[in-house]
There are 2 protein chains.
Amino acid sequence: MTIKHNVSDSVIRRLPRYYRFLGELLDSGVERISSKELSLRMGLTASQIRQDLNCFGGFGQQGYGYNIAELHSEIEGILGINNKINVVLIGAGNLGLAIASYMNFKQRGFKLVGIFEKDPQKVGKKIRDVQIYDICDLEKICDKLSPTAAVLCVPKDVAKSVVSDLIPLGIKGFLNFSHYDISLEHSDVYVENVHISDSFMTLGFKLRQPDNHKEDL
Amino acid sequence: MTIKHNVSDSVIRRLPRYYRFLGELLDSGVERISSKELSLRMGLTASQIRQDLNCFGGFGQQGYGYNIAELHSEIEGILGINNKINVVLIGAGNLGLAIASYMNFKQRGFKLVGIFEKDPQKVGKKIRDVQIYDICDLEKICDKLSPTAAVLCVPKDVAKSVVSDLIPLGIKGFLNFSHYDISLEHSDVYVENVHISDSFMTLGFKLRQPDNHKEDL
């Protein structure tokens, strides 16, 4: 499969959504779909869908549409789901434990290899077969587990210091739930931010606008 | 304060970030800041910051910069943080409990008034003084609590049905952790999606690219 250079960030961000939708269609036994039908289900225009998939070589056939199994497997290949990335999770508080307990890491292309926490009452326990290690042993354990990604579920100040510790240990990408802006000080790593409190504030802002402003937002 | 019409979605999405950064500066005792300094701290250009804040009337003074307390309070007003929105949380699984336990709803402009769950072992308990109700009592309790927003921490199929139940009960906005695309079937409500698994897949995609592609993403 051919990945065009300079594929935009917004196309890349839509790929996981295509993958999810196609997976659901597959599960429900649908074999093929036109870009028009897919567009109705996904709330995108058919031309947008054709453009997006063209960035990766284009898999549709005129008059036939997309073979769902094929397209699903192509996108799986592009996303690299089968090539698992070792990931560690930092912070076994409420949010960290929730992510460790409910996220299907394998289905998303990752293998959770360790959880780090400072609370001695949690250290040594396991979440779904994954060990909680003492954060003081970060270097030793990372040397052994070779993670290249980390999920940050710690407060901002802890995040700042732990990121500085993690990068020399080989971490190249972060899923960041903290409010620490990693990219400002470390431009050489990939960061996906999940700022839940910002989403709350944005929703609140929208809800407080007069009704007739909805279409402007 | 004047809010210009047609303020773009991306400006609105940056407001919570301004609010957070300014709050931290306030806490650390800083009194004023130039758009240049703020830009360095936030990783935006100074001209971007001036443009953003101009959308809401502009509060800077040439040669003086921004008075942080004033700007923080203006943005707080624009976001409407002090005008609390009653919100319910649906689904007291790992993620729902994490959100209910760690999110500072008040600081984000919300009041969590109730949690709904089907598991009888959880119903009747409280999380930080907020009652867990039986999902079967949704209508009765919502009539009493008058929420206008809901946080969805349930699987896709449950989300679909519960959204249909919630909208007639007065819910006008959703913070959506499920994979159900609310906007497709309900264009009349505000939705903020937090798709954690999509963020994982996007991060994975980026990590798997050859090093020299980083600048393209």
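Residues numbered from 1 in each chain as written. Chains lettered and ligands numbered in written order. Predicted model: local features only at pLDDT ≥ 70, side-chain atom pairs only at ≥ 80, totals over all residues. Heavy atoms only, no water.

(A) Structural detail: the overall build of chain A. Each helix and strand in chain A was counted, giving 9 helices and 9 strands. With respect to the principal axes defined by its C-alpha atoms, chain A has extents near 60 × 45 × 35 Å. Approximately 10,100 Å² of chain A is accessible, and the part contributed by carbon and sulfur atoms is 46%. Across chain A, 26 positive and 26 negative side-chain charges occur, with their mean positions spaced 3 Å apart. (Helix = DSSP H or I, 4+ residues; strand = E, 2+ residues; numbered from the N terminus. Areas by Shrake-Rupley, 256 points an atom, 1.4 Å probe, with all protein chains shown as cover. Lys, Arg positive; Asp, Glu negative; His and termini not counted. Charge placed at Lys NZ, Arg CZ, Asp CG, Glu CD.)

(B) Looking closely at helix α7 (residues 156-166) of chain B. All names here are of chain B. Buried within α7 are the following residues: Ala159, Val162, Val163 and Leu166. For α7, the arc enclosing every buried residue in end-on projection is 110°, short of the 170-degree limit, so these residues lie on one face. Residues of α7 that are buried in the fold lie against β3 (85-90), α6 (138-145), β7 (149-152), β8 (173-176) and α8 (182-185). (Buried < 20%, exposed > 50% of the residue type's maximum accessible area, 1.4 Å probe, protein only. Arc of directions from axis to C-beta. Contact = heavy atoms within 4.5 Å.)

(C) Highlighting the packing of helix α1 (residues 9-27) of chain B against helix α2 (residues 35-42) of chain B. Residues and elements named next belong to chain B. Two elements in contact, α1 and α2, have axes whose closest approach is 11 Å; the angle formed by their N-to-C orientations is 105°. Classified by the interaxial angle, the pair formed by α1 and α2 is roughly perpendicular. In this structure, α1 contributes Arg17, Tyr18, Phe21, Leu22 and Leu25 to the contact, and α2 contributes Leu38, Arg41 and Met42. Residues of the contact of α1 with α2, tallied by class, amount to 6 nonpolar, no polar and 2 charged. (Axes fitted to C-alpha atoms, helices over the stretch in contact; angles between N-to-C directions. Parallel < 35°, antiparallel > 145°, perpendicular 65-115°, else oblique. Nonpolar A, V, L, I, M, F, W, Y, C, P; charged D, E, K, R; others polar.)

(D) Inspection of the sheet that holds strand β8 (residues 173-176) of chain A at higher detail. Residues and elements named next belong to chain A. With mixed pairing, 7 strands are arranged side by side in an open sheet as β5-β6-β4-β3-β7-β8-β9. The sheet is open, and its two borders are formed by β5 (126-127) and β9 (190-193), each paired with just one other strand. Where β5 and strand β6 (residues 130-134) come together, 2 bridges link them in antiparallel fashion. Each bridged residue has a counterpart across the sheet, and for Lys126 the counterpart in β6 is Gln131. (Pairing = 2+ DSSP bridges.)

(E) Structural detail: the nonpolar core. Counting 54 residues, the largest nonpolar core has Ile99(A), Phe177(A), Ile196(A), Ile99(B), Phe177(B) and Ile196(B) as its most contacted members. If we ignore the near neighbours within four places in the chain, the residues touching Phe177(A) are Leu95(A), Ile99(A), Val151(A), Leu152(A), Cys153(A), Val194(A), Ile196(A) and Ile196(B). (Core = buried A, V, L, I, M, F, W, Y, C linked by side-chain atoms within 4.5 Å.)

(F) Looking closely at the relation of the copies chain B and chain A. Least-squares fitting of chain B to chain A yields an RMSD of 0.0 Å, with the superposition described by an axial translation of 0.0 Å and a rotation of 180°. Taken together, these values place the two copies in the relation of a two-fold axis. Measuring from the rotation axis to each C-alpha of chain B, the shortest distance belongs to Ala98(B), at 3.1 Å. Same-surface contact between copies: 99% of interface residues of chain B are shared with the interface of chain A. (Least-squares fit on C-alpha atoms with pLDDT ≥ 70 in both.)

(G) Looking closely at the packing of helix α2 (residues 35-42) of chain A against helix α3 (residues 46-54) of chain A. All names here are of chain A. For the pair α2 and α3, interaxial distance at closest approach is 8 Å and the crossing angle is 105°. Between α2 and α3, the angle is such that the two are roughly perpendicular. Across the interface between the two elements, Ser35, Lys36, Leu38 and Ser39 from α2 touch Ala46, Ile49 and Arg50 from α3. Residues belonging to the contact of α2 with α3 are distributed by class as follows: 3 nonpolar, 2 polar and 2 charged.

(H) Looking closely at the environment of Gly93(A). Residues and elements named next belong to chain A. Residue position: Gly93 is located in the loop between β3 (85-90) and α5 (94-102). Between the C-alpha atom of Gly93 and that of Phe205, which follows or precedes it by 112 residues, the distance is 29 Å. Apart from residues lying up to four places away in sequence, Gly93 is in contact with Glu117 and Lys122.

(I) Representation of the pattern of salt bridges. The final tally for this structure, using the stated rule, is 18 salt bridges over all chains. Measuring nitrogen to oxygen at the nearest pair gives 3.3 Å for the salt bridge that ties Lys206(A) to Asp9(B). Of this pair, Lys206(A) sits in helix α9 (residues 196-208) while Asp9(B) sits in helix α1, placing the two residues on different chains. When its relative accessible area of 26% is taken as the criterion, Asp9(B) is described as partly exposed. (Salt bridge = Lys/Arg side-chain N within 4 Å of Asp/Glu carboxyl O.)

(J) A look at the interface of chain B and chain A. With 70 residues of chain B at the contact, the number on the chain A side is 69 residues. Regarding the contact of chain B and chain A, the summed buried area is about 6,700 Å², with carbon and sulfur atoms giving 67% of it. Counting the surface chain B buries against chain A, the share from its top three residues, Tyr190(B), Phe200(B) and Arg208(B), is 13%. Seen at the junction of chain B and chain A, the total is 10 salt bridges. (Buried area = accessible area lost by both parts, 1.4 Å probe.)

(K) Summary view of the environment of Ile12(A). Residue and element names in this part refer to chain A. You can see Ile12 is positioned in helix α1 (residues 9-27). Exposure remark for Ile12: the relative accessible area of 1% places this residue in the buried category. In the structure, Ile12 is positioned 43 residues away from Cys55 in sequence and 9.8 Å away in space, judged by C-alpha atoms.

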